[in-house]
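Given next are the chains, with one letter for each unit.
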Amino acid sequence: MTKAKKLRMKFKYYADYVRTQQDDSPLYLFETNVDDNGYIRDLCKDYEVPDIFPHDWLALVNNDARPPFRWFCIGPKRSGTTVHTDPLGTGAWNAVTHGLKRWVLMEPGESKKKVKGRDLIKAGEDDEAIM
């Protein structure tokens, strides 16, 4: 996978794409402005933070320095993000409403080369996900 690039399109076109795409690395809708976006802000009323996460440690960060902390993501089969660490080294919780999501978890001290799978790529191969 390559680093994500911003692309804007109407949702009706994205929904059509999701239904018909057969890409190796499909487009993944990743909205970071949930609280500021009037079209999706009301989605915040549809969930509650689970009791297992009673503390909002990011609330301790100066508001100007606080990274986005709510995301709304939609993706078709085979979509997802690249290997990453969440903002400020935090951990996210996710709710999947349809389909399934898989995670690969690594020990914190694991080498970047191993995490990215660079030892497994053979000469002439690309790094696209295969499912």
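Residues numbered from 1 in each chain as written. Predicted model: local features only at pLDDT ≥ 70, side-chain atom pairs only at ≥ 80, totals over all residues. Heavy atoms only, no water.

(A) Geometry of the packing of aromatic side chains. The final tally for this structure, using the stated rule, is 4 aromatic pairs. Ring centres of F11 and Y14 lie 6.2 Å apart, and the angle between their planes is 45 degrees; on these two criteria the pair is classed as tilted. You can see F11 and its partner Y14 sitting in helix α1 (residues 11-20), 3 residues apart, about one turn around the helix. Residue classification places F11 among the partly exposed positions, given a relative accessible area of 49%. Aromatic pair Y14 and Y17: ring centres 6.0 Å apart, planes at 35 degrees, arrangement tilted. Residue Y14 and its partner Y17 are both found in helix α1; the two are separated by 3 residues, about one turn of the helix. Both residues of the pair, Y14 and Y17, count as buried. (Phe/Tyr/Trp six-rings, centres within 6.5 Å; stacked < 30°, edge-to-face > 60°. Helix = DSSP H or I, 4+ residues; strand = E, 2+ residues; numbered from the N terminus. Buried < 20%, exposed > 50% of the residue type's maximum accessible area, 1.4 Å probe, protein only.)

(B) Region of the structure containing the pattern of salt bridges. Considering all chains together, one arrives at 4 salt bridges under this definition. The partner of D35 in a salt bridge is R70, and the shortest N-O contact between them spans 2.4 Å. Linking D35 in the loop between β1 (29-31) and β2 (72-74) with R70 in the loop between β1 and β2, this pair joins segments that are 35 residues apart in sequence. Given a relative accessible area of 32%, D35 falls into the partly exposed group. D42 is the salt-bridge partner of K45, the closest N and O atoms lying 3.3 Å from each other. The exposed category is assigned to K45, whose relative accessible area is 68%. (Salt bridge = Lys/Arg side-chain N within 4 Å of Asp/Glu carboxyl O.)

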